[in-house]
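# Fold and contact review
So you can see what is in the structure, the chains are spelled out below.
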Amino acid sequence: MDALYNRLLVSRFAECFEFYRAILPPLTGATLVKGSPEGPYANWDVADQALLALYDRALMAVTLGTAGLPAEPPAVQDTAMLVFRVDNVDEALSLCLRNGGSLAAVATDRPEWGPNLRSAHLRDPEGRLIELQSY
């Protein structure tokens, strides 16, 4: 049985699929278990445990009966983020940016967060906040 994992509801499935397919294996050791750029579902596992899944947002809206609601909320502060602990924040950030991520905050040492902690922040192709950290 899989432990708790993230399933991202995405509107631009192919772009998000390609982004996570490019970054998850080198950053986490995850392997693609199911899915393709055509969607509507994909998932990556680490050691036979689910790490991350993508699902077509419009299909979930139909399932929930919310297809008539706006797809995008008004601009607000972030309410969640994916966090990846990596060996080298700068290299991981470069990998993500080369594969469709957009920079939110440069790689910086953050001793106020913890000894030897370094982090960078970026957004996936749909704007979700991602933190890369090493310590």
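### Let's talk about the pattern of salt bridges
- Under the definition given, this model contains eight salt bridges.
- A salt bridge links Arg-128 to Glu-126; the nearest nitrogen and oxygen atoms lie 3.2 Å apart.
- The class of Glu-126 is partly exposed, set by a relative accessible area of 22%.
- When salt bridges that share partners are traced, they join Asp-90, Asp-109 and Arg-118 into one network.

### Quick word on helix α1 (residues 13-28)
- Along its 16 residues, α1 runs 21 Å from first to last C-alpha, staying within 8% of the 22 Å computed at 1.5 Å per residue.
- Listed in full, the buried residues belonging to α1 are Phe-13, Cys-16, Phe-17, Phe-19, Tyr-20, Ile-23, Leu-24 and Leu-27.
- The positive-phi residue at the C-terminal boundary of α1 is Gly-29, with phi of around 80°.

### Structural notes on the environment of Gly-114
- For Gly-114, the position within the fold is in the loop between β6 (102-109) and β7 (118-123).
- Separated by 21 residues in sequence, Gly-114 and Tyr-135 place their C-alpha atoms 7.7 Å apart.

### So, the sheet that holds strand β1 (residues 6-10)
- Overall, mixed pairing links the four strands, which are arranged β1-β4-β3-β2 in an open sheet. Two strands close off the open sheet at either side, each with one partner strand: β1 and β2 (31-34). Between one strand and the next, the sheet's axes are offset by a mean angle of 25°, whatever the strand orientation.
- Of the strands in this sheet, β1, β2, β3 (41-46) and β4 (49-56) are in contact with α1, which crosses β4 at around 165°.
- Helix-sheet contacts for helix α2 (residues 57-64) involve β1 and β4, and the interaxial angle to β4 is about 80°.

### Considerations on the packing of α1 against helix α3 (residues 89-98)
- Running from amino to carboxyl end, α1 crosses α3 at an angle of 160°, the nearest separation of the two axes being 9 Å. With respect to α3, the element α1 is oriented roughly antiparallel. Crossing geometry of α1 relative to α3 is assigned as right-handed. Contact residues: Phe-19, Ala-22, Ile-23, Pro-26 and Leu-27 in α1; Ala-92, Leu-95 and Cys-96 in α3.
- Taken together, the residues of the contact of α1 with α3 sort by class into eight nonpolar, no polar and no charged.

### Brief notes about the sheet that holds β6
- Reading across from one edge, β5-β8-β7-β6 is the order of the four strands in this open sheet, with mixed pairing throughout. The open sheet terminates on both sides in strands that have one partner only, identified here as β5 (82-85) and β6. Between one strand axis and the next, the sheet turns by 15° as a mean value, whatever way the strands run.
- Where α1 meets the sheet, its contacts fall on β5, β7 and β8 (129-134), and the angle it forms with β5 comes to roughly 40°.

The rules we used
Residues numbered from 1 in each chain as written. Predicted model: local features only at pLDDT ≥ 70, side-chain atom pairs only at ≥ 80, totals over all residues. Heavy atoms only, no water. Salt bridge = Lys/Arg side-chain N within 4 Å of Asp/Glu carboxyl O. Buried < 20%, exposed > 50% of the residue type's maximum accessible area, 1.4 Å probe, protein only. Helix = DSSP H or I, 4+ residues; strand = E, 2+ residues; numbered from the N terminus. Expected span 1.5 Å × (residues − 1). Pairing = 2+ DSSP bridges. Axes fitted to C-alpha atoms, helices over the stretch in contact; angles between N-to-C directions. Contact = heavy atoms within 4.5 Å. Parallel < 35°, antiparallel > 145°, perpendicular 65-115°, else oblique. Left-handed = near helix turned anticlockwise from the far one by under 90°. Nonpolar A, V, L, I, M, F, W, Y, C, P; charged D, E, K, R; others polar.

This is a description of form; function is not addressed.
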